[in-house]
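For reference, the chains in residue letters:
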Amino acid sequence: MLTRMDFATIVPVLIVTLSGCAVLLAESIRRRGEWMPHGALAVIGLGGAIWTSIQQWGDNNVGFGVIVADNYALFFNIAICGMGLLTVLLSTGTAARDRLPEGEYYALMLFALAGMMLMGATRDLLIIFLALEIMSLGVYVLTAIKRSSDTGAEAGFKYFVLGGFSSAFFLYGIALAYAFGGTTRLDELGRLVASQALEPNILLALSMILLLVGFSFKVSAVPFHMWAPDAYQGAPTLVTGFMSTAVKAAAFAAFVRVFLSALEPLRGEWVPILAAIAGLTMILGTVVAVAQSNVKRMLAYSSIAHAGYLLVGLVAANAAGKAAILFYLVSYAVTTLGAFGVLAALSSHDRPHDDIRDFAGLGRERPGISAILTIFLLSLGGFPPTVGFIAKWYIFSSAVQAGQIALAVLGVLTSVVSVFFYLRIVVMMYMTPERAPNHRPAVPAVAFAGLLLALAAVFYLGVLPGWLLSVAAESVAAIF
């Protein structure tokens with residue numbers, strides 16, 4: 001018999017879903033040329049989901065047997081909705097200027113966010129898969145939502161094909177886990193794995209590898225990163241920012257819950273594999289980014305490198321590393337969304353402003369927006385006192401504490417190399433004269449407010465990170 005507590009666990013997801021339906025309803029009754037408050041409806045829904053998640057903090061409710069509202073799930077509810085909220089603010093004005101169908105744009109984003117929230121709030125592999133598909137289908141369409149763009153259509157098709165391929169791996173891994181234990185519940189699988197951890201089992205080993213492949217694709221880890229550069233370059237700029245932050249956060253939410261709870265007894269088997277993947281991801285993402293002239297493509301490879309840094313925290317798997325993953329996801333999100341928000345604000349329908357040469361002379365023409373972009377780039381590079389520096393410090397410190405010295409050193413070295421391609425844009429803005437007049441559009445007021453909000457978070461969390469780290473530690477402790 002269903003109880004009030006069952007429904008309480010899904011209230012945040014339900015609010016986001018209903019707000020997506022409200023956006024679709026508003027779009028269906030909109031007459032040609034009529035304005036509808038799509039963005040406002042999205043803000044209300046996301047704000048409501050954040051508020052209800054805060055209200056449930058510490059309750060540790062369980063609903064429907066498989067949906068949990070522990071602090072870990074609530075942390076990701078708040079973080080993912082916050083990323084969505086910032087994306088909506090940055091999209092106000094810029095989405096219309098880019099001639100995106102706003103009703104579909106905001107609705108798909110909200111439905112994708114609902115899937116992301118479910119990924120971190122369930123302890124059943126099948127529900128994780130369903131949530132993963134809900135998220136993925138929305139993001140596939142968002143990638144190709146600019147109907148006039150052939151590049152976007154190509155990017156969406158590639159993402160869809162490779163995403164379906166990875167989903168097959170993930171689903172097959174779930175099937176093998178069920179064949180091993182007769183259940184898809186993470187808590188029950190964890191007990192079975194712990195009882196047989198010392199006995200070799202081919203089904204369990206294959207399941208672990210296939211699940212690892214599925215998660216690695218979603219976080220764009222090497223060698224499952226092939227979709228990221230094309231998808232990031234072809235998608236509308238703010239969709240790219242949304243993919244590189246919210247999608248990555250949701251994937252890591254499920255990644256951590258599966259591998260550091262149900263598969264924790266098999267750490268000796270998956271840690272060496274994951275350490276190799278993390279090292280390759282940091283190296284390839286950094287080295288290939290150096291050679292890029294397209295800024296969105298460069299940030300795509302940068303995102304791959306940042307996935308490698310997050311995997312270092314997962315490999316460490318100590319208390320510091322677990323909390324550092326959550327802190328890093330938040331810090332990376334505000335910085336990356338801010339950077340993509342600047343790119344979107346400077347772009348127009350017929351001029352994407354995503355080539356590094358497009359930034360020549362921007363420092364003299366637009367000193368304010370140039371300074372904001374510079375700070376975001378410095379944070380991505382790990383300069384103090386920005387949050388990017390603190391986030392990397394926590395990740396690499398956790399690796400050292402866990403004895404993963406080689407990974408920590410490799411992370412520091414690749415971070416140093418990454419400074420080169422971030423500073424290339426800064427040099428282009430301030431030290432390279434503009435070759436021809438570049439008519440850049442004005443930044444919409446609401447989008448500029450979103451940029452200032454992200455900028456404040458970059459400095460605030462860089463100077464006073466302790467409270468967020470303590471919340472992250474309290475959250476991740478809920479699943480262990």
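Small disclaimer: the values here were computed from a predicted structure and weren't measured.

Asker: Pulling in residues and values, what's your account of the overall build of the chain?
Answerer: A tally of regular secondary structure across the chain gives 21 helices and two strands. In terms of C-alpha radius of gyration, the chain reaches 21 Å, essentially the compact-globule figure of 23 Å for 480 residues. A principal-axis box enclosing the C-alpha atoms of the chain has dimensions of 70 × 55 × 40 Å. Restricting the contact set of the chain to residue pairs at least 6 apart, pairs at least 24 apart contribute 81%. As displayed, the chain offers around 17,900 Å² of accessible surface, 70% of which is attributable to carbon and sulfur atoms. A gap of 7 Å separates the mean positions of the 27 positive and 25 negative side-chain charges of the chain.

Asker: Before we move on, could you go through empty space enclosed by the protein and cite the residues and values that matter?
Answerer: Evaluated as defined, the whole model comprises five cavities of 30 Å³ or more. The calculated volume of the largest cavity comes to roughly 120 Å³. Lining the largest cavity are 14 residues, with T94, D98, T237, L238 and A344 positioned closest to its centre. Among the elements of the structure, α5 (94-97) and α12 (237-262) are those that each provide at least two residues to the lining of the largest cavity. Taken together, the residues of the lining of the largest cavity sort by class into seven nonpolar, five polar and two charged.

Asker: Lay out α12 with the relevant residues and their values.
Answerer: With 26 residues, α12 should cover 38 Å at 1.5 Å per step; its first-to-last C-alpha distance of 37 Å lies within 8% of that length. The sharpest bend along α12 comes to roughly 30 degrees, located at M243. Judged by how many residues are buried, α12 sits mostly within the fold: 25 of 26 residues are covered.

Asker: Tell me about the state of the cysteines, and name the residues and values.
Answerer: Summed over all chains, the structure comprises zero disulfides. Free of any disulfide, C21 has its nearest neighbouring cysteine sulfur in C81, separated by 15 Å. Judged by relative accessible area, C21 falls into the partly exposed class, the value being 38%. Under the relative-accessibility criterion, C81 is labelled buried at 0%.

Asker: Describe in detail the side chain of S19, supporting the description with residues and values.
Answerer: Its location among the elements puts S19 in helix α2 (residues 11-29). Residue classification places S19 among the buried positions, given a relative accessible area of 7%. Only 2.6 Å separates the side chain of S19 from the backbone oxygen of V16, close enough to count as a polar contact.

Asker: Could you give me a rundown of the nonpolar core, with the residues and numbers involved?
Answerer: Judged by nonpolar contacts, the single largest core of 161 residues is most densely connected at Y105, M116, F255, F259 and F359. In this structure, F359 is in contact with V295, L343, L346, H353, L373, I425, M428, M429 and R440, ignoring residues within four places of it in sequence.

Asker: Talk me through helix α8 (residues 150-181); I want residue IDs and the actual numbers.
Answerer: Taking 1.5 Å as the rise per residue, α8 with 32 residues should run 46 Å; its terminal C-alpha atoms sit 47 Å apart, in good agreement. Remark: G182 follows α8 within two positions and exhibits a positive phi of approximately 70 degrees.

Asker: For the layout of surface pockets, give the residues involved together with the corresponding values.
Answerer: Put simply, the largest pocket is a space of about 630 Å³. Lining the largest pocket are 24 residues, with I78, A79, G82, V330 and V334 positioned closest to its centre. When contributions to the lining of the largest pocket are tallied by element, the ones reaching two or more residues are α3 (38-55), α4 (71-91), α15 (319-346), α20 (445-463) and α21 (466-476). Looking at the lining of the largest pocket, the element that brings in the most residues is α4, giving eight residues. Residue classes in the lining of the largest pocket are distributed as 23 nonpolar, one polar and no charged.

Asker: Tell me about the environment of A449, residues and numbers included.
Answerer: Relative to the helices and strands, A449 resides in helix α20. Judged by relative accessible area, which is 43%, A449 ranks as partly exposed. Between the C-alpha atoms of A449 and Y172, which are 277 residues apart in sequence, the distance is 45 Å.

Asker: Lay out the packing of helix α14 (residues 295-316) against helix α19 (residues 405-431) with the relevant residues and their values.
Answerer: Running from N to C, α14 and α19 point in directions that differ by 160 degrees, and their axes come no closer than 11 Å. When the axis of α14 is compared with that of α19, the two are roughly antiparallel. For α14 against α19, the interelement crossing comes out left-handed. Between α14, through V295, M298, L299, S302, H306, Y309, V312 and V315, and α19, the contact on the second element is made entirely by L407, G411, T414, S415, F421, Y422 and I425. Broken down by class, the residue content of the contact of α14 with α19 amounts to 10 nonpolar, five polar and no charged.

Asker: Let's hear about a nonpolar patch on the surface: which residues, and what values?
Answerer: A contiguous nonpolar surface patch, about 410 Å² in accessible area, is contributed by L137, F157, F160 and V161. With three residues, α8 is the largest single contributor of residues to the nonpolar patch. With respect to the helices and strands, the residue L137 is situated in helix α7 (residues 125-143).

Asker: I'd like a description of the pattern of salt bridges, backed by residues and values.
Answerer: If you walk through the whole model with that rule in mind, you get eight salt bridges. R257 serves as the salt-bridge partner of D70, at 3.3 Å between the closest nitrogen and oxygen. Of this pair, D70 sits in the loop between β2 (67-69) and α4 while R257 sits in helix α12, and the two are 187 residues apart along the sequence. The pair D70 / R257 is uniform in exposure class, with both members buried.

Conventions used here
Residues numbered from 1 in each chain as written. Predicted model: local features only at pLDDT ≥ 70, side-chain atom pairs only at ≥ 80, totals over all residues. Heavy atoms only, no water. Helix = DSSP H or I, 4+ residues; strand = E, 2+ residues; numbered from the N terminus. Rg over C-alpha atoms; globule rule 2.2 N^0.38 Å. Contact = heavy atoms within 4.5 Å. Areas by Shrake-Rupley, 256 points an atom, 1.4 Å probe, with all protein chains shown as cover. Lys, Arg positive; Asp, Glu negative; His and termini not counted. Charge placed at Lys NZ, Arg CZ, Asp CG, Glu CD. 1 Å grid on protein atoms, 1.4 Å probe; cavity = no way out; pocket = protein on both sides within 12 Å on 5 of 7 lines; lining within 4 Å. Points joined across faces, edges and corners; volume = space filled by probe spheres on them. Nonpolar A, V, L, I, M, F, W, Y, C, P; charged D, E, K, R; others polar. Expected span 1.5 Å × (residues − 1). Bend = angle between axes of the 7 residues up to and from the residue. Buried < 20%, exposed > 50% of the residue type's maximum accessible area, 1.4 Å probe, protein only. Disulfide = S-S within 2.5 Å. Polar contact = N/O pair within 3.5 Å; in protein donor to acceptor, adjacent residues only side chain to side chain. Core = buried A, V, L, I, M, F, W, Y, C linked by side-chain atoms within 4.5 Å. Axes fitted to C-alpha atoms, helices over the stretch in contact; angles between N-to-C directions. Parallel < 35°, antiparallel > 145°, perpendicular 65-115°, else oblique. Left-handed = near helix turned anticlockwise from the far one by under 90°. Patch = residues over 30% accessible without salt bridge, like charges linked within 9 Å, V, L, I, M, F, W, Y side chains within 5 Å. Salt bridge = Lys/Arg side-chain N within 4 Å of Asp/Glu carboxyl O.

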